[in-house]
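# Notes for the structure review
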Amino acid sequence: MLIVQKYGGTSVGSIERIEAVADRIARTVRAGHQVAVVVSAMGHTTDELVRLAHAIDPDPDGREMDALLSTGEQVSAALVAMALHKRGLGARSFTGWQAGIHTERVHGAARMLNIETKALREALEQGVIPVITGFQGIAGDDVTTLGRGGSDTTAVAVAAVLKADVCEIYTDVTGVFTTDPRVVPNARKLTEVSYDEMLELANLGAQVLHPRAVENAKQFEVKLVVRSSFTEEEGTYVVETPVAFEKRNVVTGIAFEREVARIALVGVPLNRHGLASVFGTLAERNVNVDVIVQSVVQQAGVDVSFTVKEEDSDRALRILRDLQSDLGYRDLVRENGLAKVSIVGAGMISNPGVAAHMFRVLADDDIAIKMVSTSEIKVSCIIAARDVERAVKVLHEAFIEKE
Ligand code: ADP
Ligand code: ASP
Ligand code: MG
């Protein structure tokens, strides 16, 4: 078999962990498999690099930021290759450009365009294990990065282009759980989860997989498994349709996101494509808008509220202030310190009343809901950040433990 193994930050967080990773790779090779490895930066390296940059400039140049952040993965790729050499195995580290990973020129959130497989294939044919830096690629002569958590996406893309039999994501938990096991210790590990549910969970804040990794795995039919680099325990398979041998709840999982901000535009006149210019301009400037709520249309115009990541809220405010004379809105309000909690499950399609049940559970615990957003398989509520852990716990009890 050809196996792509991706090791996350904690899994390569120290020399001891790198040695353990090399042992696992060596075992896989000695069992007769071909392996291509994708690695993240060691431990909290990327956070630390972000901190250094922000100590100089809170809004640093995108190109230089990518030049900086991409270094973390180069350290771990080289160290893992050395640890494999020590075990008598052929291995070679590949940066994004050496692996031929081409992306769009969008610094900090680039999408991959194509991967030239020649160098990777040659290595594999020579019995050399490629150890590829996750999270980075090139656009022309410049290094780009794929967005935080993006090494998962590199691994899935490499698995897709090499037509690997499986892509194994090794992390610090034993699989995908019904919610973050750090918040709810009795969260249950899922044996299987569908691509669609996993995509919602990932998009709604479950950090365990990068959303684009799930999207690509679905599109290119990559067999994906999440498991721990610390144990031999079976992981969670992400599949098209889970086999229903385990009892399935209406709600499969609960996800949450902290550091959400709400921005409200009061009295937007109706006559000037107001909403289109607000959201068009924010999109052009790469501000990601999430939940949008519009009030009932009145003579004086409409009120529009939407959420953004707290870190983007200053920039969003600046952009909107510049637009005030064009848009003619009356007032601009921002609220920080919010969070989003979401329940996800394919079973919701055929079970009405799930949203009402969620609102009741939160209300019973005195958690105020500020905004709501739904799709076929999820309900999200914006709440105060201080309530988020409590909300996740009560929702987990109501929808998972008691079901
Ligand atoms: P890595 O560095 O290996 O990529 P991450 O920190 O990105 O690891 O992702 C793993 C973390 O995701 C876990 O430690 C856990 O706290 C968090 N997490 C959030 N939601 C879930 C979930 N539903 N199932 C498992 N882990 C989750
Ligand atoms: N090192 C990068 C990050 O911390 C990418 C990753 O770990 O997936 O976001
Ligand atoms: Mg990750």
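Below: a short report on this structure. On a predicted model such as this, the values are computed, not experimentally measured, just so you know.

## Details of the overall build of the protein
Of regular secondary structure, the protein possesses 12 helices and 18 strands. Here the protein has a C-alpha radius of gyration of 23 Å; the compact-globule value for 403 residues is 22 Å, and the two agree. Dimensions along the principal axes, computed over C-alpha positions, put the protein at roughly 75 × 50 × 35 Å. Within the span of the protein, comprising 403 residues, buried residues form 52% of the whole. Across the protein, the fraction of contacts at a sequence separation of at least 24, relative to all contacts at a separation of at least 6, is 75%. Carbon together with sulfur atoms contributes 50% to the accessible area of the protein, which is approximately 18600 Å² in total.

## What to know about the packing of aromatic side chains
Given two aromatic rings, one states the distance between the centres and the angle between the planes to describe the pair. The full count for this structure, using the stated rule, is 2 aromatic pairs. For the ring pair Tyr-7 and Tyr-170, a centre distance of 4.9 Å and an interplane angle of 10 degrees mean the geometry is stacked. Separated by 163 residues along the polypeptide, Tyr-7 in strand S1 (residues 2-7) and Tyr-170 in strand S9 (residues 166-171) bring together distant segments of the chain. Side by side, Tyr-7 and Tyr-170 carry an identical accessibility label, which is buried. Measuring from centroid to centroid gives 5.2 Å for Phe-279 and Phe-306, while their planes differ by 75 degrees, and the two rings are edge-to-face. In this pair, Phe-279 sits in helix H9 (residues 274-284) while Phe-306 sits in strand S15 (residues 302-309), placing the two residues 27 residues apart along the sequence.

## A word on the site of ligand 2
In the neighbourhood of ligand 2, the contacting residues comprise Ser-40, Ala-41, Thr-46, Glu-73, Phe-135, Arg-148, Gly-149, Gly-150 and Ser-151. Here a nitrogen atom of ligand 2 and a side-chain polar atom of Glu-73 are 2.6 Å apart. Within the side chain of Arg-148, one N or O atom sits 2.6 Å away from an oxygen atom of ligand 2. Among the residues making up the shell around ligand 2, the classes are represented as 2 nonpolar, 5 polar and 2 charged.

## So, the site of ligand 1
The environment of ligand 1 is formed by 17 residues, the closest being Thr-171, Asp-172, Phe-177, Asp-180 and Arg-182. Taking Lys-6, its side chain carries an N or O atom lying 3.1 Å from an oxygen atom of ligand 1. Contacts to ligand 1 include Phe-177, whose backbone N or O atom sits 2.9 Å from a nitrogen atom. In the complex, the protein chains occlude 88% of the 580 Å² of accessible area that ligand 1 would expose alone. When its residues are assigned to classes, the shell around ligand 1 shows 7 nonpolar, 6 polar and 4 charged.

## Quick word on the nonpolar core
Val-4, Ile-132, Val-158, Cys-167, Met-198, Leu-209 and Leu-224 are the most contacted members of the largest nonpolar core, which has 41 residues in total. Among the elements of the structure, S1, strand S2 (34-39), helix H5 (118-125), helix H6 (151-161), S9, helix H7 (195-203), helix H8 (211-219) and strand S11 (224-228) are those that each provide at least two residues to this core. Contacts of Leu-224, omitting those with residues within four sequence positions, involve Val-156, Cys-167, Ile-169, Leu-209, Ala-217, Thr-236, Tyr-237 and Val-238. Val-183, Met-348, Ile-367 and Phe-399 belong to the second largest nonpolar core, which has 28 residues in total.

## Details of the packing of helix H2 (residues 45-56) against helix H3 (residues 62-69)
Think of two packed helices as two axes; the pair is described by the angle between the axes and how far apart they sit. Taken N-terminus to C-terminus, the directions of H2 and H3 make an angle of 145 degrees; their axes are 10 Å apart at the nearest point. Helix-helix and strand crossings are classified by hand; for H2 and H3 the assignment is right-handed. Contact with H2, carried on its side by Thr-46, Leu-49, Val-50, Ala-53 and His-54, involves Met-65, Leu-68 and Leu-69 of H3 and no other residues of that element.

## A short note on the pattern of salt bridges
The full count for this structure, using the stated rule, is 26 salt bridges. Taking the shortest distance from any N to any O, the salt bridge between Arg-87 and Asp-23 comes out at 2.6 Å. Here Asp-23 lies in helix H1 (residues 15-30) and Arg-87 lies in the loop between helix H4 (71-86) and strand S3 (91-94), a separation of 64 residues in the sequence. Here Asp-23 falls in the partly exposed class, since its relative accessible area comes to 34%. Residue Arg-27 pairs with Glu-232 through a salt bridge whose shortest N-O separation is 3.3 Å.

## What about the sheet that holds strand S18 (residues 378-384)?
Strand order in the open sheet made by the 6 strands is S14-S15-S13-S16-S18-S17, with antiparallel pairing throughout. The outermost strands of the open sheet, each flanked by one partner alone, are strand S14 (292-294) and strand S17 (371-375). When strand polarity is set aside, the average angle formed by the axes of neighbouring strands in this sheet is 25 degrees. Alignment of S17 against S18, held across 5 bridges, turns out to be antiparallel. Within S18, the position partnered with Val-372 by the bridge is Cys-381. The sheet strands contacting H7 are strand S13 (253-268), strand S16 (331-344), S17 and S18, and the helix crosses S13 at an angle near 60 degrees.

## Quick notes on the environment of Gly-62
On the secondary structure map, Gly-62 appears in helix H3. Overall, the relative accessible area of 28% leaves Gly-62 in the partly exposed class. Linking Gly-62 and Leu-162, residues 100 residues apart in sequence, is a C-alpha distance of 30 Å.

## A short note on the layout of surface pockets
In this model, the second largest pocket occupies a volume close to 300 Å³. As for the second largest pocket, its lining consists of 14 residues, and the residues nearest its centre are Met-112, Leu-113, Ala-157, Asn-216 and Phe-220. Listed by contribution, the elements that provide at least two residues to the lining of the second largest pocket are strand S5 (112-115), H6 and H8. Partitioning the lining of the second largest pocket into residue classes produces 7 nonpolar, 4 polar and 3 charged.

## With respect to helix H11 (residues 354-364)
Each α-helix winds once per 3.6 residues, and so residues spaced three or four apart point in a common direction. By the burial criterion, the buried members of H11 are Val-354, Met-358, Val-361 and Leu-362. Burial along H11 is one-sided: seen end-on, the buried residues are contained in an arc of 95 degrees. If you follow the buried residues of H11, they end up packed against S16, S18 and helix H12 (388-401). Asp-366 sits one or two residues past H11 and shows a positive phi near 60 degrees.

What counts and how
- Residues numbered from 1 in each chain as written.
- Chains lettered and ligands numbered in written order.
- Predicted model: local features only at pLDDT ≥ 70, side-chain atom pairs only at ≥ 80, totals over all residues.
- Heavy atoms only, no water.
- Helix = DSSP H or I, 4+ residues; strand = E, 2+ residues; numbered from the N terminus.
- Rg over C-alpha atoms; globule rule 2.2 N^0.38 Å.
- Buried < 20%, exposed > 50% of the residue type's maximum accessible area, 1.4 Å probe, protein only.
- Contact = heavy atoms within 4.5 Å.
- Areas by Shrake-Rupley, 256 points an atom, 1.4 Å probe, with all protein chains shown as cover.
- Phe/Tyr/Trp six-rings, centres within 6.5 Å; stacked < 30°, edge-to-face > 60°.
- Near = heavy atom within 4 Å.
- Polar contact = N/O pair within 3.5 Å; in protein donor to acceptor, adjacent residues only side chain to side chain.
- Nonpolar A, V, L, I, M, F, W, Y, C, P; charged D, E, K, R; others polar.
- Core = buried A, V, L, I, M, F, W, Y, C linked by side-chain atoms within 4.5 Å.
- Axes fitted to C-alpha atoms, helices over the stretch in contact; angles between N-to-C directions.
- Left-handed = near helix turned anticlockwise from the far one by under 90°.
- Salt bridge = Lys/Arg side-chain N within 4 Å of Asp/Glu carboxyl O.
- Pairing = 2+ DSSP bridges.
- 1 Å grid on protein atoms, 1.4 Å probe; cavity = no way out; pocket = protein on both sides within 12 Å on 5 of 7 lines; lining within 4 Å.
- Points joined across faces, edges and corners; volume = space filled by probe spheres on them.
- Arc of directions from axis to C-beta.

No statement about biological role is implied by the geometric values presented.
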